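# Architecture and fold: a report
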Amino acid sequence: MLLNRGPPNLAAALSLRVNPMQLASLVKRLISAPVLVAVVALSGCAHTLRHDVTVFHDWPGAGLARTYRFERKPDQQDSLKYSTYERVIADELRAAGFVPSENPNLAISFDYVTKPRYVRYIDNGPMFTPYLGYGVGGRRSSFYFSAPLWGWPYHSYEYELERHQRVLSIEMSDLHAQPLKKIYEATATSSGAEPAMVAALPLLMRAILADFPGRSGVARQIDLDLDAQEAPAPAK
């Protein structure tokens, strides 16, 4: 006599009569399959980060040499953090064709801020609940494993993640204009799991300088490669 402790609707689903070793192998394959699909899908994805960039400018044209000096606000004068960020900004400016000078055409200032925020996500996934049973009878004992193949119910999963919005603002003024005239201002924003500005700053500046000076009054989205270690050389 066969004693089956599985669910009463076992016959309505796919039933496999396997020994314990076969059961372990089957469960391992069922668990590994979706993981393998996810790995294959992710392997083809580029490692990029999206930046939202807004620019306003009254750029005088190609005749203005891109020589500059940094100008600091009073609260930035003795900041070691600002000095570090200044060097990062200078590297990106150099890659875009800007040159520091003792007699510059441009005064460049920048500011930055990190804003924490929480993002709510809602995912829908199948509720996969396999049925396990054990039977004894005849010449051998067996495990029964069943799982529905169609009509799986779906469940909504809601969760929150902490994200950090990193914002970089840049201003450029014409030092030879009387009075001093602001000719360029831009803001770049990115979002990530880490609040540290030092890692985000190069890409924020690179996004601002993409297609410099760009179209005034137009918001753009710039996707930058996270694997790129250095800023691209300026176009000639």
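As a starting point, this report considers the structure included with it. Because the structure is predicted, anything quoted here is derived from the model rather than measured.

Its 16 residues place the ends of helix 2 (residues 80-95) 23 Å apart at the C-alpha level, agreeing with the 22 Å of an ideal helix rising 1.5 Å per residue. Those residues of helix 2 not exposed but buried are Tyr 82, Ser 83, Tyr 85, Glu 86, Val 88, Ile 89, Ala 90, Glu 92, Leu 93 and Ala 95. Near the N-terminus of helix 2, the side chain that reaches the backbone nitrogen of Lys 81, with its oxygen 3.4 Å away, is that of Ser 79. Positioned one or two residues after helix 2, Gly 97 has a phi angle of 95 degrees, which is positive.

Before going further, it helps to examine the packing of aromatic side chains. In this description, an aromatic ring pair is defined by two values, namely the gap between the centres and the angle between the planes. For the coordinates displayed, the defined rule picks out eight aromatic pairs. Their ring planes at 10 degrees and their centres at 4.4 Å tell us that Tyr 82 and Phe 110 sit as a pair that is stacked. One end of the pair, Tyr 82, is in helix 2; the other, Phe 110, is in strand 5 (residues 106-126), and 28 residues separate them in sequence. Take Tyr 82 and Phe 110: they sit in the same class, and that class is buried. With a centroid separation of 4.8 Å and an interplanar angle of 45 degrees, the aromatic rings of Tyr 184 and Phe 212 are classed as tilted. Of this pair, Tyr 184 sits in strand 9 (residues 181-192) while Phe 212 sits in the loop between helix 3 (197-209) and strand 10 (218-225), and the two are 28 residues apart along the sequence.

Another aspect to go through is the nonpolar core. Within the largest apolar cluster, 36 residues are counted, with the highest numbers of intra-cluster contacts made by Leu 93, Phe 98, Leu 168, Met 172 and Tyr 184. Breaking this core down by element, the ones donating at least two residues are strand 2 (48-57), helix 2, strand 5, strand 8 (154-174), strand 9, helix 3 and strand 10. Considering each element in turn, this core owes the most residues, nine residues, to helix 3. The residues touching Phe 98, leaving out its near neighbours within four places in the chain, are Arg 66, Tyr 68, Leu 93, Leu 106, Met 172, Leu 209 and Phe 212.

Criteria and thresholds
- Residues numbered from 1 in each chain as written.
- Predicted model: local features only at pLDDT ≥ 70, side-chain atom pairs only at ≥ 80, totals over all residues.
- Heavy atoms only, no water.
- Helix = DSSP H or I, 4+ residues; strand = E, 2+ residues; numbered from the N terminus.
- Expected span 1.5 Å × (residues − 1).
- Buried < 20%, exposed > 50% of the residue type's maximum accessible area, 1.4 Å probe, protein only.
- Polar contact = N/O pair within 3.5 Å; in protein donor to acceptor, adjacent residues only side chain to side chain.
- Phe/Tyr/Trp six-rings, centres within 6.5 Å; stacked < 30°, edge-to-face > 60°.
- Core = buried A, V, L, I, M, F, W, Y, C linked by side-chain atoms within 4.5 Å.
- Contact = heavy atoms within 4.5 Å.

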